[in-house]
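# Descriptive structure summary
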Amino acid sequence: MLQDDKNKLVLKAEWIESDNESEVTSRKWQYASSRTSLACRAEYALYRRKDNILELTGSPSASKEGDDYAASRIVVNTETEDIQLEGEVKAA
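So, here's what we can say about the structure. (Residues numbered from 1 in each chain as written. Predicted model: local features only at pLDDT ≥ 70, side-chain atom pairs only at ≥ 80, totals over all residues. Heavy atoms only, no water.)

### Topic: the overall build of the protein
For the protein, the helix and strand inventory stands at zero helices and 11 strands. Helices and strands in the protein line up, N terminus first, as β-β-β-β-β-β-β-β-β-β-β. Relative to its full complement of 92 residues, the protein shows a buried share of 32%. Just so you have it, the protein exposes about 5,400 Å², and 43% of that area is on carbon and sulfur atoms. (Helix = DSSP H or I, 4+ residues; strand = E, 2+ residues; numbered from the N terminus. Buried < 20%, exposed > 50% of the residue type's maximum accessible area, 1.4 Å probe, protein only. Areas by Shrake-Rupley, 256 points an atom, 1.4 Å probe, with all protein chains shown as cover.)

Here you go:
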């Protein structure tokens, strides 16, 4: 588990690889939540802490304020919680 109090982000993973100097973390993971209104799932993630960016691939999905999203790739701004959906997109 990786907890980033600065960005109020919790990542639960099968494995985590982190470069503390560049603040880039990659992982094969199961779940991430940011603050209280956003929850994400994906097979793989790349978290760029300095840029406040979480990139999700491998059947990614995100839930925010009761809305569910799925896409080929999901990019989340962890500061604003804006979600960018790429590729084949599904929303519910």
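### What to know about the side chain of Asn-52
Here Asn-52 shows up in the loop between β5 (44-48) and β6 (53-57). One polar contact links Asn-52 to Glu-79, side chain to side chain, over a distance of 3.3 Å. (Polar contact = N/O pair within 3.5 Å; in protein donor to acceptor, adjacent residues only side chain to side chain.)

### Side note on the pattern of salt bridges
One pass over the structure, following the stated rule, counts four salt bridges. Arg-48 is the partner of Glu-55 in a salt bridge, and the nearest nitrogen-oxygen pair spans 2.2 Å. The shortest N-O distance in the salt bridge between Arg-73 and Glu-86 comes to 2.6 Å. Here Arg-73, found in strand β9 (residues 73-77), pairs with Glu-86, found in strand β10 (residues 83-86); they are 13 residues apart in sequence, far enough to count as distant. Given a relative accessible area of 24%, Glu-86 falls into the partly exposed group. (Salt bridge = Lys/Arg side-chain N within 4 Å of Asp/Glu carboxyl O.)

### Let's talk about the pairing of β10
Where β9 meets β10, four bridges bridge the pair, whose relative direction is antiparallel. Bridging from a neighbouring strand, Arg-73 pairs with Glu-86 of β10. As consecutive antiparallel partners, β9 and β10 are separated by five residues, and within that stretch Glu-81 has a phi angle of approximately 65°, a positive value. (Pairing = 2+ DSSP bridges.)

### Thoughts on the nonpolar core
If you look at the biggest cluster of nonpolar residues, it comprises 11 residues: Leu-38, Cys-40, Ala-42, Ala-45, Tyr-47, Leu-54, Leu-56, Ala-62, Ala-71, Ile-74 and Val-76. Contributions of two or more residues to this core are made by β4 (38-41), β5, β6 and β9. (Core = buried A, V, L, I, M, F, W, Y, C linked by side-chain atoms within 4.5 Å.)

### Some remarks on the environment of Ala-42
Note on placement: Ala-42 falls in the loop between β4 and β5. Judged by its relative accessible area of 7%, Ala-42 is buried. In this structure, the C-alpha to C-alpha distance between Ala-42 and Glu-55, residues 13 residues apart in sequence, is 9.5 Å.

### Quick notes on the pairing of β9
Two strands pair when backbone bridges link them, and β6 and β9 are joined in this way by five bridges, in the antiparallel orientation. Counterpart to Leu-56 in the pairing with β9 is Ile-74.

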